[in-house]
Amino acid sequence: MKRLSIRLWVLGVFCCLSVFGEETYQPPRLSEEGAWSMVVIPDTQSYVKFGRNQGILELMTAWIAENRETLRIQQVVCVGDLVECNNITETDGKSLNQTSAQMWAAAARAFERLDGKTAYVVCTGNHDHGTRSAENRETQLDTYFPVTKNPAWEGVLVAQGENSYGKKTLECAAYEWTTPQGQKMLTVALPFAPTDANLQWAKNLVAQEKYAEHFVILVTHSYLHSTDKRIEKEGYVLNKEGGNAGEAIWQKLVYPSANIRLVLCGHISKPDNFRGCVGFAKEKNAAGKWVSQMLFDPQALGGGWCGNGGDGWLRLLEFSPDMKKVTARTFSPLFAISPATRNLAWNREDYNEFTFTLDEE
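Right, let's walk through the structure included here. (Residues numbered from 1 in each chain as written. Predicted model: local features only at pLDDT ≥ 70, side-chain atom pairs only at ≥ 80, totals over all residues. Heavy atoms only, no water.)

What to know about the overall build of the protein chain
- Scanning the protein chain from N- to C-terminus turns up nine helices and 13 strands.
- For a compact globule of 361 residues, the expected C-alpha radius of gyration is about 21 Å, and the protein chain comes in at 21 Å, within 12% of that figure.
- Seen through its principal axes, the protein chain has C-alpha atoms that stretch 80 × 50 × 40 Å.
- Counting over 361 residues, the protein chain shows a buried share of 57%.
- Across the protein chain, every contact between residues at least 6 apart in sequence was considered, and the portion connecting residues at least 24 apart equals 70%.
- Surface accessibility of the protein chain: about 15300 Å² in total, with carbon and sulfur atoms responsible for 51%. (Helix = DSSP H or I, 4+ residues; strand = E, 2+ residues; numbered from the N terminus. Rg over C-alpha atoms; globule rule 2.2 N^0.38 Å. Buried < 20%, exposed > 50% of the residue type's maximum accessible area, 1.4 Å probe, protein only. Contact = heavy atoms within 4.5 Å. Areas by Shrake-Rupley, 256 points an atom, 1.4 Å probe, with all protein chains shown as cover.)

Next up, the structure:
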């Protein structure tokens, strides 16, 4: 009888917790009238290197498409490493069971959920170049993400720079758009370890008179560490051949450009340690304006490098109508899809949910 009472008590507690979790779960919503959002997708390489994980990435992009109007999503940004390996034809069965062609096709297929709906931005990471990881600057990005892929880029994709082979692709690209309140925005994407020529192209672009009053966002794969400090040196072949790391990108491009106000990056992820996958810093540029710099790359969560690819986490950025503040929140459509796991759909740690101002003195 005593054992039965204990079992009933445990069952009652479990049911209460389940009900409590369901009652307290709230889906993402805007906190004030007139606000709008941007969604940051982390490195997708661990979602596509195993066939079993690819559905999670499609769930993430499908969720974004479904919530585009509710959250007034104006732009979606992916911070690079779309695939695990740019150009391999054989798998090892352990660290990956997909060829590069299969991985690139899976990434492109997931983003099809957004084609024709929103002008998403992608940039290349170290794994998107060379054979396995940045042995050279070759990439299949243009094969699977040509400029004709997404009809929503029409009128938004306003500039492309040449890659290292003299071809204009989305490796160096700029997207102009307007917020619901009429604020002019420009998002510039640069490849992993951008060359001096890449940085000069971007610097010349944002300095043009027609973009002088735009709020410029820079998207590049490797820039900020989870220590909240910019990366000073990296040992990849591309870096050794003149590619710039985070600190050099700051010194050569971000700091001297008065209108670059936000930098988004990925690249740094620590297995099953959320704090080791995120970072944030603010610093004034040469014009005395604050530049917010954000790392978001939880791809090693959900079981490490050979786990589920990152637990489906997205970074939601809500911009206030007056463009004076941004609220960052971290949400997983993977956990949110089932009532049994909705209590896990938000990560409320202070490094994953916070507000930062854009124009403080």
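Picking up where we left off.
Re helix α4 (residues 100–111)
- Between the first and last C-alpha of α4 there are 17 Å, a value that for twelve residues agrees with the 16 Å anticipated at 1.5 Å per step.
- Considered for burial, the residues of α4 that qualify are Ser100, Met103, Trp104, Ala106, Ala107, Ala108, Ala110 and Phe111.
- Those residues of α4 hidden inside the fold are in contact with β1 (36–41), α2 (45–48), α3 (54–66), β2 (73–78), β3 (121–122) and α5 (141–144). (Expected span 1.5 Å × (residues − 1).)

Things to note about the sheet that holds strand β9 (residues 278–284)
- Pairing is mixed across the open sheet formed by seven strands, whose spatial order is β4-β5-β6-β7-β8-β10-β9. The sheet terminates laterally at β4 (157–162) and β9, the two strands that pair on one side only. Ignoring strand direction, the axes of neighbouring strands in this sheet form an average angle of 15 degrees.
- Bridging between strand β8 (residues 260–265) and strand β10 (residues 290–296) involves four bridges; their strand directions are parallel. Note that in β10 the partner of leucine 264 across the bridge is methionine 294.
- Where helix α6 (residues 196–206) meets the sheet, its contacts fall on β4, β5 (168–178), β6 (184–189) and β7 (215–219), and the angle it forms with β6 comes to roughly 170 degrees. (Pairing = 2+ DSSP bridges. Axes fitted to C-alpha atoms, helices over the stretch in contact; angles between N-to-C directions.)

What about the nonpolar core?
- Formed by 76 residues in total, the largest nonpolar core has its most connected members in Ile64, Phe111, Phe145, Ile217, Leu264, Leu317 and Phe319.
- With seven residues, the single largest contributor to this core is α4.
- Core analysis: the next-biggest nonpolar cluster, separate from the first, contains 28 residues, Cys172, Val206, Leu218 and Val291 among them. (Core = buried A, V, L, I, M, F, W, Y, C linked by side-chain atoms within 4.5 Å.)

Observations regarding the pattern of salt bridges
- In the structure shown here, the tally under the stated rule is eleven salt bridges.
- Ionic pairing is found between aspartate 196 and lysine 252, a salt bridge with its closest N-O pair at 2.9 Å. Taken as a pair, aspartate 196 in helix α6 and lysine 252 in helix α8 (residues 246–254) lie far apart in primary sequence, 56 residues in all.
- When its relative accessible area of 45% is taken as the criterion, aspartate 196 is described as partly exposed. (Salt bridge = Lys/Arg side-chain N within 4 Å of Asp/Glu carboxyl O.)

Considering the packing of α3 against α4
- The geometry of α3 relative to α4 is characterised by a closest axis approach of 9 Å and an angle of 25 degrees between their N-to-C directions. The angle between the axes of α3 and α4 places the two elements in the roughly parallel class. For the element pair α3 and α4, the recorded crossing hand is right-handed. On the side of α3, the interface is formed by Gln54, Leu57, Glu58 and Thr61, while α4 contributes Gln102, Ala106, Ala107, Arg109 and Ala110. (Parallel < 35°, antiparallel > 145°, perpendicular 65-115°, else oblique. Left-handed = near helix turned anticlockwise from the far one by under 90°.)

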